[in-house]
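The chain contents come next:
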Amino acid sequence: MFDTGAGAEPRKEPRLTAVPGEPESPEALLHRTALGEDEAFAALYDLMAPRVYGLCVRVLRDPAQAEEVAQEVLVEVWRTATRFDARRGSAGAWITTIAHRRAVDRVRSAQAAGDRERRAAASGAEPAYDAVAEAAASRLEHRQVRRCLTTLTELQRQAVTLAYYGGHTYRQVATLLETAVPTVKTRIRDGLAKLRDCLEVAR
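Treat the numbers as computed from the prediction; the structure is a model and nothing was measured.

Draft legend 1. Quick look at the nonpolar core. The biggest cluster of nonpolar side chains holds 44 residues, and the ones touching the most others in it are Leu30, Leu44, Val52, Cys56, Val73, Val77 and Leu195. Listing elements by their share of this core, those giving two or more residues are helix H1 (26-34), helix H2 (38-60), helix H3 (63-80), helix H4 (91-123), helix H5 (129-149), helix H6 (154-165), helix H7 (170-177) and helix H8 (181-202). At eleven residues, the largest contribution of residues to this core is made by H2. When sequence neighbours within four positions are dropped, the list of residues in contact with leucine 30 reads Leu44, Val77, Ala81, Phe84, Ala91 and Trp94.

Right under this line is the structure:
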């Protein structure tokens, strides 16, 4: 911890418990996500997804790639929530650091693959195997998520897809599916739990 000098106020620890009547902090939501509470992750997703997507767009300059990377980032946050240490910084900073790293990695991977393809084209040779392997690896996690979505029931998949890939709120999903908000929340919670199990097996 940096010395802020005499008389400086001590740094406040992030709040990890909710205060009645106040919205939960990202730190509290991330802490509950680490405990396996899927509803907490759903709330954290709603809170952080716009910020993560915006950062990815700024780095990648491609909305489609930014959306894909943002989804991968939030899946990583979901998987690795237990690694977050509130003493080392805020939840928002931790998540956006992951997002920035992922986005920069995607840019570098695309640039490296493009360079290899141009060199291969200039020499008339086939692309090196490692270039093909790297391109495949960079898309592996996204394919795993899509594959795991197929293991959900139709109702779970509709709710999860509308909420997390369509960016709709619970109320909007309920309207689109012509069902009650509590039912939508249950579908999403159960779908997230099943997705978590599938992704853990795929690791």
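Draft legend 2. Here's a closer look at the environment of glutamine 71. You can see glutamine 71 is positioned in helix H3. Residues glutamine 71 and tyrosine 53, 18 residues apart in the sequence, show an inter-C-alpha distance of 8.5 Å.

Draft legend 3. Structural detail: the packing of aromatic side chains. In total, this model carries three aromatic pairs according to the counting rule given. Taken together, a centroid distance of 5.3 Å and an interplanar angle of 15° make the contact between phenylalanine 41 and tryptophan 78 stacked. With phenylalanine 41 in helix H2 and tryptophan 78 in helix H3, this residue pair connects regions lying 37 residues apart in the sequence. Residue classification places phenylalanine 41 among the buried positions, given a relative accessible area of 4%. Ring centres 5.6 Å apart and planes at 55° place the aromatic pair phenylalanine 84 and tryptophan 94 in the tilted group. Of this pair, phenylalanine 84 sits in the loop between H3 and H4 while tryptophan 94 sits in helix H4, placing them ten residues apart in sequence. Site record: aromatic cluster; members linked through ring pairs are Phe41, Tyr45 and Trp78.

About the thresholds
- Residues numbered from 1 in each chain as written.
- Predicted model: local features only at pLDDT ≥ 70, side-chain atom pairs only at ≥ 80, totals over all residues.
- Heavy atoms only, no water.
- Core = buried A, V, L, I, M, F, W, Y, C linked by side-chain atoms within 4.5 Å.
- Buried < 20%, exposed > 50% of the residue type's maximum accessible area, 1.4 Å probe, protein only.
- Helix = DSSP H or I, 4+ residues; strand = E, 2+ residues; numbered from the N terminus.
- Contact = heavy atoms within 4.5 Å.
- Phe/Tyr/Trp six-rings, centres within 6.5 Å; stacked < 30°, edge-to-face > 60°.

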